[in-house]
Amino acid sequence: MPKMNRRDMLKMSGLAAGTLAIGSALPGCNSDDNQSHSDPTQKNSMLADLPPYYPGTETLGKDEMRITFMGTTPIAMISQAAVSVFVELGNGDCFSFDLGTGSMIKYWAMKVNMDKIYKVFIAHLHADHMGDIPFVYGFGPSYGRLWPMYIWGPTRSGLTYTDPDNNTRGPFNDGTADYCAALQQMLIWHNESQSFEPTSLKDYKLPDFDTTHSTLTDGYDFVVKELPWKNTGKDANGVPNGDNVAYDYNGAKITHFPAVHTRQGSISYKLEWNGLSMIYIGDTLPSQYVIDQALPGVDVLIHEIVMSAANWITKMGITTDKYSQTIVDAAVAQSQSVQDSSHTPQKAYGYILQQIKEKGVAPRLAVGTHFQATDDTIKTAMSDIRTWYPKGDVIIASDTMVVNVTRTGVKVRRGVVSNYQWPIQVPNVSETNTPKYWMTDPQTGKPTAAPQAQLDPDALENYVIDSSKYNAK
Ligand SMILES: [Zn+2]
């Protein structure tokens, strides 16, 4: 693999202008830890060479949008979690698009607490897009979210089929509401056991976007808004009918449109606010929907890309020096079938960007994500994208990448994070409802949290070693 220096990489990315911030020497900053390697499979120079962003140190401008990549690959690894994009607006709103496995670690690393993760828009119900919902839902009340989790996502697939053995399957209970209901059941033990802590606020006021669920006010409630996955905002004759609005409050509007991914019931999102816009494409085959949605002009287009099947299986360690040609061929064929049913090859993303540019206005920043980003893979991805789209800003996302968008500029930086960052949790001093498991403190006479109220005194509690014993020295 030919070596590529950082300047070449930036030139290729179209982001060469401005400061070259060579990796800082701060210990424990994982954006930089791997940069001493010379092996292009073990580092990400594109990310490392971005200027630094220090989480928690900047107030967002009132006209500004900040997009933080909390997860950027379907295969969770130390450097990249499964997909999640966190968007903050200058009006105080914030939204999560997907919440894949491992992404919560990055939210905490970027100093975003769970009380900011309660408006979640799911592209589809693959685990790399929703795997961390159980954790964020289950522990939300323990980390300051004393109100429901609001989930937007696709309606049921509506799929019915007869297999070759003549078994008819479907229709399936496979919509977003089904997922949330099943998750609530799955987490009964968790939620009950944590209910020695408050889970709701006494004076909770339903937010403006919660128009139909006035009885749901607890941290262990889900409020689900299902989005008909076929809707595009236009009727059969192409006349706008507004049937794809997911959210329209406080000046922020989020619409959805179909994604063509594995099984019907996948969608993508577009966020518009204050003259700024962002499109988030979870997973899809190369699709005309994307071009149509981006044509009026979009500030940031975030789109999945996938490397070639041959590269994919090489990364998986399936090579002819270790395996027979038959096994390698089978692995390529399997990987190719996944791509052919579900994903956008790198070159196709370049083609889509070029189409958008030719027919409308190029995105101010195009982002490739859902992609394992190292120097070697970024090099081939950029080369493929540039085949069709030689100019225009393109970057490959990695975790902690931050994009600030205003009408006058788009700024891309890398988060400087500690591998040892704890959650920042400021206690909520609002009055809360009484938790389920509490007792009266004999000293003060006031109610106090009582986790031990869930332990049978005879079977379990009597076996607890008294602290006076181990504190004796
Ligand atoms: Zn995915």
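**Observations regarding the overall build of the chain**
- When helices and strands are counted, the chain shows 13 helices and 20 strands.
- Scaling as 2.2 N^0.38, a compact globule of 473 residues should have a C-alpha radius of gyration of about 23 Å, and the chain matches this with 24 Å.
- Along the longest, intermediate and shortest principal axes, the C-alpha atoms of the chain span 75 × 60 × 55 Å.
- Counting across all 473 residues of the chain, residues that qualify as buried make up 48%.
- Carbon together with sulfur atoms contributes 54% to the accessible area of the chain, which is approximately 22400 Å² in total.
- Across the chain, 39 positive and 49 negative side-chain charges occur, with their mean positions spaced 8 Å apart.

**As for the coordination of the zinc ion**
- Taken together, Asp-128 (OD), His-129 (NE2), Asp-283 (OD) and His-370 (NE2) make up the full set of protein donors to the zinc ion, lying 2.1 to 2.2 Å away.
- Considering all four donor atoms around the zinc ion, angles at the metal cover 90 to 168 degrees and the coordination shape is irregular.

**Digging into the pattern of salt bridges**
- Inspection of every chain in the model, using the stated rule, returns 12 salt bridges.
- Among the salt bridges present, the one from Lys-106 reaches Asp-399, with a minimum N-O distance of 2.6 Å. Residue Lys-106 is located in helix H3 (residues 103–109), and its partner Asp-399 is located in the loop between strand E16 (394–396) and strand E17 (401–405); the two are separated by 293 residues in the primary sequence. The pair Lys-106 / Asp-399 is uniform in exposure class, with both members buried.
- Its salt-bridge partner being Asp-163, residue Arg-169 comes within 3.1 Å of it at the nearest N-O pair.

**A look at a nonpolar patch on the surface**
- Among the surface-exposed residues, Ile-75, Met-77 and Met-316 lie close enough to one another that they form a single nonpolar patch of about 260 Å² accessible area.
- Tracing the backbone through its elements, the reader meets Met-77 in the loop between strand E2 (65–71) and strand E3 (84–89).
- Owing to a relative accessible area of 36%, Met-77 belongs among the partly exposed residues under this scheme.

**What about the confidence of the model for the chain?**
- Here the chain averages 92 in pLDDT, and 92% of its residues register 70 or above.
- Taken as a whole, residues 1–32 scores under 50 in pLDDT and shows 65 contacts with residues more than four places along the chain or in a different chain.

**With respect to the layout of surface pockets**
- As a volume, the second largest pocket reaches approximately 470 Å³.
- Counting residues per element, the ones that place at least two in the lining of the second largest pocket are E2 and E3.
- In the lining of the second largest pocket, the residues fall into 11 nonpolar, seven polar and seven charged.

**Describing the sheet that holds strand E4 (residues 94–97)**
- Read across the open sheet, the nine strands follow the order E1-E18-E17-E2-E3-E4-E5-E6-E9; overall the sheet is mixed. The open sheet has two free edges, formed respectively by strand E1 (52–53) and strand E9 (222–227), since each of these has just one partner strand.
- Pairing between E17 and strand E18 (residues 410–415): five bridges, direction antiparallel. Bridge pairing links Val-402 to Arg-413 in E18.
- Sheet strands in contact with helix H6 (residues 176–186) are strand E6 (149–154) and E9, and its direction is about 160 degrees off that of E9.

**Some thoughts on the packing of helix H11 (residues 346–359) against helix H12 (residues 375–388)**
- Relative to each other, H11 and H12 sit at 40 degrees, their axes nearing to 7 Å. Note that H11 runs across H12; the crossing there is right-handed. Contact with H11, carried on its side by Gln-346, Lys-347, Tyr-349, Gly-350, Tyr-351, Leu-353 and Gln-354, involves Thr-377, Thr-380, Ala-381, Asp-384, Ile-385, Thr-387 and Trp-388 of H12 and no other residues of that element.
- Split into classes, the residues belonging to the contact of H11 with H12 amount to six nonpolar, six polar and two charged.

**Structural notes on the domain arrangement of the chain**
- In terms of domain boundaries, the chain breaks down into domain 1 (6–306 + 343–415) and domain 2 (438–470).
- Summarising the inter-unit geometry, the C-alpha centres of domain 1 and domain 2 are found 44 Å apart.

**Considerations on the sheet that holds strand E10 (residues 245–249)**
- Here seven strands make up an open sheet; going across it, the order is E10-E11-E12-E13-E14-E15-E16 and the pairing mixed. For this open sheet the edge positions go to E10 and E16, each flanked by a neighbour on one side alone. For this sheet the average axis-to-axis angle between neighbouring strands, irrespective of direction, equals 15 degrees.
- With four bridges joining them, strand E13 (residues 276–281) and strand E14 (residues 300–304) adopt parallel strand pairing.

**Details of the packing of aromatic side chains**
- If you walk through the whole model with that rule in mind, you get 25 aromatic pairs.
- For the ring pair Tyr-118 and Tyr-150, a centre distance of 6.4 Å and an interplane angle of 65 degrees mean the geometry is edge-to-face. On the criterion of sequence distance, the pair formed by Tyr-118 in the loop between H3 and strand E5 (119–121) and Tyr-150 in strand E6 is long-range, its members being 32 residues apart. Summarising the burial analysis for this pair, Tyr-118 and Tyr-150 share the class buried.
- With 6.2 Å between their ring centres and 75 degrees between their planes, Phe-121 and Tyr-247 make a pair best called edge-to-face. With Phe-121 in strand E5 and Tyr-247 in strand E10, the pair connects residues that are 126 residues apart, well separated along the chain.
- One aromatic cluster is present, built from ring pairs that chain together Phe-95, Phe-97, Tyr-118, Phe-121, Trp-147, Tyr-150, Trp-152, Phe-209, Tyr-247, Tyr-249, Tyr-269 and Tyr-280.
- Positioned above the aromatic ring of Phe-172 is the side chain of Arg-263, whose terminal nitrogen or guanidinium carbon lies 4.5 Å from the ring centre.

**Describing the side chain of Arg-145**
- With respect to the helices, strands and loops of the structure, Arg-145 is situated in the loop between helix H5 (133–139) and E6.
- Summary of buried charges: Arg-145 has no salt-bridge partner, and the nearest side chain of opposite charge, Asp-218, is 7.4 Å away.
- For Arg-145, the side chain forms a polar contact with the main-chain oxygen of Tyr-137, separated by 3.1 Å.
- At 2.7 Å, the side chain of Arg-145 and the backbone oxygen of Trp-147 are in polar contact.
- The residues touching Arg-145, leaving out its near neighbours within four places in the chain, are Met-114, Asp-115, Ile-117, Tyr-118, Val-136, Tyr-137, Gly-140 and Gly-219.

Criteria and cut-off values
- Residues numbered from 1 in each chain as written.
- Predicted model: local features only at pLDDT ≥ 70, side-chain atom pairs only at ≥ 80, totals over all residues.
- Heavy atoms only, no water.
- Helix = DSSP H or I, 4+ residues; strand = E, 2+ residues; numbered from the N terminus.
- Rg over C-alpha atoms; globule rule 2.2 N^0.38 Å.
- Buried < 20%, exposed > 50% of the residue type's maximum accessible area, 1.4 Å probe, protein only.
- Areas by Shrake-Rupley, 256 points an atom, 1.4 Å probe, with all protein chains shown as cover.
- Lys, Arg positive; Asp, Glu negative; His and termini not counted.
- Charge placed at Lys NZ, Arg CZ, Asp CG, Glu CD.
- Donors = N, O, S within 2.8 Å, 3.2 Å for Na, K, Ca; no water.
- Tetrahedral: all angles 85-135°; square planar, octahedral: opposite > 155°, others 65-115°.
- Salt bridge = Lys/Arg side-chain N within 4 Å of Asp/Glu carboxyl O.
- Patch = residues over 30% accessible without salt bridge, like charges linked within 9 Å, V, L, I, M, F, W, Y side chains within 5 Å.
- pLDDT = per-residue confidence, 0-100.
- Contact = heavy atoms within 4.5 Å.
- 1 Å grid on protein atoms, 1.4 Å probe; cavity = no way out; pocket = protein on both sides within 12 Å on 5 of 7 lines; lining within 4 Å.
- Points joined across faces, edges and corners; volume = space filled by probe spheres on them.
- Nonpolar A, V, L, I, M, F, W, Y, C, P; charged D, E, K, R; others polar.
- Pairing = 2+ DSSP bridges.
- Axes fitted to C-alpha atoms, helices over the stretch in contact; angles between N-to-C directions.
- Left-handed = near helix turned anticlockwise from the far one by under 90°.
- Domains from an automatic or database assignment.
- Phe/Tyr/Trp six-rings, centres within 6.5 Å; stacked < 30°, edge-to-face > 60°.
- Lys NZ or Arg CZ within 6 Å of the ring centre and 35° of its normal.
- Polar contact = N/O pair within 3.5 Å; in protein donor to acceptor, adjacent residues only side chain to side chain.

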